[in-house]
Amino acid sequence: MGVFRRPLALSIALLTCITGYAGVYFYTYYNHKLDATTTNYLVISKLDNLLTNLYSLAISTAVLKQPDCQLTRPQLQKIIKTEHNPITISIIKNHQLFCSSDPTLTLNELPPRTSYYFPIKENSTKTYLLFWNNNLYLKKIIEPGKTILINTSSTNALQKILTLTNHAKIIKLQLGDVTLASQGADEKVKIYSKVYGHSLQHYNYKLTAGNLSSMTNIVVRHHYKSLLLITFISIILYISISQFIRSRSSAYHELKEAIYDDQIIPYLQPIMDSQTGKLAGVEVLARWLHPEVGIISPDAFIPIAEDTELVIPLTQTLFEQVAQAMMPYASRLPNNFRIGFNISHSHCNSLKILDDCKAFYRKINHPNINLILEITERYPIEVTEKTKYLFRELHKIGVKIALDDFGVGNSNLSYLNDFAIDYLKIDKSFIARIGSDALSKHILDIIIDITQQCKIESCAEGIETKEQWDYIKTKPVNYVQGYYFAKPLSIEEFINAYIIPYS
Ligand code: G
Ligand code: G
Ligand code: MN
């Protein structure tokens, strides 16, 4: 009972929170992956372009007839004329510079074997890219002892391509043993949400694109507002679910469990004959014996029962418990002993109460007992054919109908006729004002008058003082009830105080 309330609300709130976080994480992850893929393709196409360009320059140079440099140089210069980047093409013969597009160039030294060589095409042993003196060269061997060397000024050409996109992305280019990274990045740096790529033209390189910081880092840094919002929503959700469960289903379920767990028990308040002052009956008042809270007043749970169908089993259990407990003492009770049950207005729409009354009589099985149903006058009761039928049938089996709390509610005198009311219970608020103001006293006298005129029995509720009792004593009221005579008692207390001593 109640114990599962908090974990349930907490689980739902946590689930929402985790789902929200996961959603943001995967959204970010997916977006960055997509971004990295796009970057990769872009860079690959630029690299392929560059390499294809260099390669085709080499091919164009290889097909030239090279009788001497004088004739060859203009042709080389013509080849590079269309290039945007500063490019030099040189032809080397037997380790000597034979001819170069740049007439000022003196290439004394060929790139040593220790510089970074690697085949530009897969399975190609004749065309290399190489890094030498911070420059990038394409080296193509066209026949033994004859080489074409194309210089694209510097490695900046590559760096520029690698750095051309969104600077949050890191790109690493792997050419054989050499790794180049986009500007500002250490090539050993760890890359998160990686995407790998290869040349589309079968050049011999590998590319990685991704992010420098971890995904969690990016999510926290870029989406902290969403995370805060999700956390906030989860907290609100937790609070509202807890409240909702507490106020609604939990109260209902707790009461339902209590009814079937026999925690709802009857208390009996003695009702006295105003002539003799002796016990004439009892009013059954529900109490909830809560294992943790203790005794709970009906004001706290009767409204929940009245709003739901629980009022029916609740009343039923009181009927059964009272019948069961009083059965052994029925013959020792005073003649015409009145047992009054409070019946909700919502209960009057159901014929079930008729069966409950029959069952009660069957169980008690003694002519001494007079069953009374107290229907509060505080809420209007619908006068329908069904209710009229119900009250007729109740009368047939000897059940009396009392109008409870009379005078404070609708004071609907037509009920007296419609339901053939047998008994009026005068509300305690009129009794409480005895001796204080004349008007209330007057109203009280009028109500008593009505009962006289209509030949209806009456009971004055809530007598607490001798003064009140002395006043009522002088009036034609049949019964009295109140703390002055007795408080509501448990069945055991009632039997010990009112039955055992007199038998
Ligand atoms: O005994 P107490 O003053 O706590 O009762 C408070 C209110 O609860 C009273 O108006 C009384 O009529 C109502 N009440 C007590 N027991 C029952 C019951 O079994 N059924 C209904 N419908 N009302 C009850
Ligand atoms: O609505 P109904 O008349 O059923 O309510 C009866 C309620 O009045 C019971 O809950 C009972 O505890 C309470 N009651 C009984 N006698 C007295 C009394 O003398 N004074 C007050 N204040 N309440 C009383
Ligand atoms: Mn009552």
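Data block above holds the structure.
What you are looking at is a predicted structure, and each value in this text was computed from that prediction instead of being measured.

Focus on the overall build of the protein
Counting secondary structure elements, the protein contains 14 helices and 20 strands. Against the compact-globule benchmark of 23 Å for 503 residues, the protein has a radius of gyration of 50 Å, which places it well outside the compact range. Looking at the protein as a whole, 48% of its 503 residues qualify as buried. Counting every atom, the protein has about 26300 Å² of accessible surface; 54% of that belongs to carbon and sulfur. For the protein, the centre of its 50 positive side-chain charges and the centre of its 45 negative side-chain charges are spaced 17 Å apart.

Comments concerning the site of ligand 1
Close to ligand 1 lie L285, A286, R287, S297, P298, D299, I302, L318, N342, S344 and R378, which account for all nearby residues. A distance of 3.3 Å separates a nitrogen atom of ligand 1 from a polar atom in the backbone of N342. For ligand 1, the accessible surface in isolation is 500 Å², of which the surrounding protein chains cover 80%. If you map ligand 1 onto the pockets, it falls in the largest pocket.

A closer look at the state of the cysteines
Scanning the model with the defined rule gives one disulfide in all. Here C69 engages in a disulfide with C99; their sulfurs sit 2.1 Å apart. What sets the handedness of the C69 and C99 disulfide is the S-S torsion sign, and at about 75° it is right-handed. Taken together, the positions of C69 in helix α2 (residues 69-80) and C99 in strand β2 (residues 96-100) put the pair 30 residues apart, joining distant regions of the chain. Of the two residues, C69 and C99, both sit in the buried class. Here C348 is not cross-linked by a disulfide; its sulfur's nearest cysteine counterpart is in C357, at 11 Å. There is no disulfide at C459, and the cysteine sulfur nearest it, in C454, is 17 Å away. The class for C459 is buried, based on a relative accessible area of 0%.

Things to note about the site of ligand 2
Contacts to ligand 2 come from 16 residues, most closely from E283, D405, E461, E464 and Y483. Contacts to ligand 2 include E283, whose side-chain N or O atom sits 2.9 Å from an oxygen atom. Relative to its unbound accessible surface of 510 Å², ligand 2 loses 81% to contact with the protein. Placement of ligand 2 is best described as lying within the largest pocket. Residue assignment for the shell around ligand 2 shows that the elements contributing at least two residues are β12 (279-290) and β16 (400-406). Broken down by element, the shell around ligand 2 gets its largest block of residues, three residues, from β12. Here the residues of the shell around ligand 2 sort into four nonpolar, four polar and eight charged.

Focus: the coordination of the manganese ion (ligand 3)
Coordination of the manganese ion (ligand 3) by the protein involves E283 (OE), N342 (OD1), E374 (OE) and D404 (OD), with metal-donor separations of 2.1 to 2.4 Å. Look at where the donors of the manganese ion (ligand 3) fall in the sequence and you get E-x58-N-x31-E-x29-D. Of this pair, E374 sits in strand β15 (residues 369-376) while D404 sits in strand β16, placing them 30 residues apart in sequence.

Considering a negative patch on the surface
A contiguous patch of negative charge, built from E257, D261, D262 and E320, is present on the exposed surface. Among the structural elements, D262 can be located in the loop between α5 (224-260) and β11 (264-273). A residue is classified by how much of its surface remains accessible, and D262, at 53% relative accessible area, is exposed.

So, unusual backbone geometry
The backbone of H95 sits at a positive phi, close to 65°, despite the residue not being glycine. Here H95 is to be found in the loop between β1 (88-93) and β2. One non-glycine residue, A420, adopts positive backbone phi at about 50°. Examined against the element boundaries, A420 turns out to sit in the loop between α10 (414-418) and β17 (423-426). Given the relative accessible area of 38%, A420 is considered partly exposed.

Some thoughts on the pairing of strand β8 (residues 178-181)
Look at any regular strand and the pattern is simple: side chains alternate between the two faces of the sheet. One ladder, built from four bridges, connects strand β7 (residues 169-175) with β8; its direction is antiparallel. Following the sheet pairing, L173 is matched in β8 by L180.

Things to note about the pairing of β2
Direction of pairing for β1 relative to β2: antiparallel, over a ladder of four bridges. Of the residues in β2, the one forming a bridge with S90 is S100. Between β1 and β2, which pair antiparallel in sequence order, lie two residues; one of them, N94, sits at a positive phi of approximately 45°.

Some details on the environment of N410
Its place among the elements puts N410 in the loop between β16 and α10. In this structure N410 comes out as partly exposed when scored by relative accessible area, which is 38%.

A closer look at the nonpolar core
Grouped together as the largest cluster of nonpolar side chains are 80 residues, with contacts concentrated most on I264, F341, F360, L373, I472 and F494. The greatest single-element share of this core, amounting to nine residues, is contributed by helix α7 (residues 311-326). Sequence-distant contacts of F341, that is, excluding residues within four places in its chain, are made with V284, L318, F319, V322, F360, L371, I372, L373 and E374. Among the nonpolar cores identified, the runner-up in size contains 39 residues, and L54, L64, I150 and L180 belong to it.

Here's the deal with the side chain of T317
Take T317: it is sitting in helix α7. Residues contacting T317, with those up to four places away along its chain left out, are I259, D262 and I264.

Overview of the layout of surface pockets
Space inside the largest pocket adds up to approximately 940 Å³. If you go around the largest pocket, you meet 35 residues; those closest to its centre are L285, P298, D299, N342 and R378. Taken together, the elements giving at least two residues each to the lining of the largest pocket come down to β12, α6 (298-307), α7, β14 (337-343), β15 and β16. Taken together, the residues that form the lining of the largest pocket break down as 15 nonpolar, nine polar and 11 charged.

About the thresholds
Residues numbered from 1 in each chain as written. Chains lettered and ligands numbered in written order. Predicted model: local features only at pLDDT ≥ 70, side-chain atom pairs only at ≥ 80, totals over all residues. Heavy atoms only, no water. Helix = DSSP H or I, 4+ residues; strand = E, 2+ residues; numbered from the N terminus. Rg over C-alpha atoms; globule rule 2.2 N^0.38 Å. Buried < 20%, exposed > 50% of the residue type's maximum accessible area, 1.4 Å probe, protein only. Areas by Shrake-Rupley, 256 points an atom, 1.4 Å probe, with all protein chains shown as cover. Lys, Arg positive; Asp, Glu negative; His and termini not counted. Charge placed at Lys NZ, Arg CZ, Asp CG, Glu CD. Near = heavy atom within 4 Å. Polar contact = N/O pair within 3.5 Å; in protein donor to acceptor, adjacent residues only side chain to side chain. 1 Å grid on protein atoms, 1.4 Å probe; cavity = no way out; pocket = protein on both sides within 12 Å on 5 of 7 lines; lining within 4 Å. Sits in = over half its atoms within 2 Å of the grid points. Disulfide = S-S within 2.5 Å. Nonpolar A, V, L, I, M, F, W, Y, C, P; charged D, E, K, R; others polar. Donors = N, O, S within 2.8 Å, 3.2 Å for Na, K, Ca; no water. Patch = residues over 30% accessible without salt bridge, like charges linked within 9 Å, V, L, I, M, F, W, Y side chains within 5 Å. Salt bridge = Lys/Arg side-chain N within 4 Å of Asp/Glu carboxyl O. Pairing = 2+ DSSP bridges. Core = buried A, V, L, I, M, F, W, Y, C linked by side-chain atoms within 4.5 Å. Contact = heavy atoms within 4.5 Å. Points joined across faces, edges and corners; volume = space filled by probe spheres on them.

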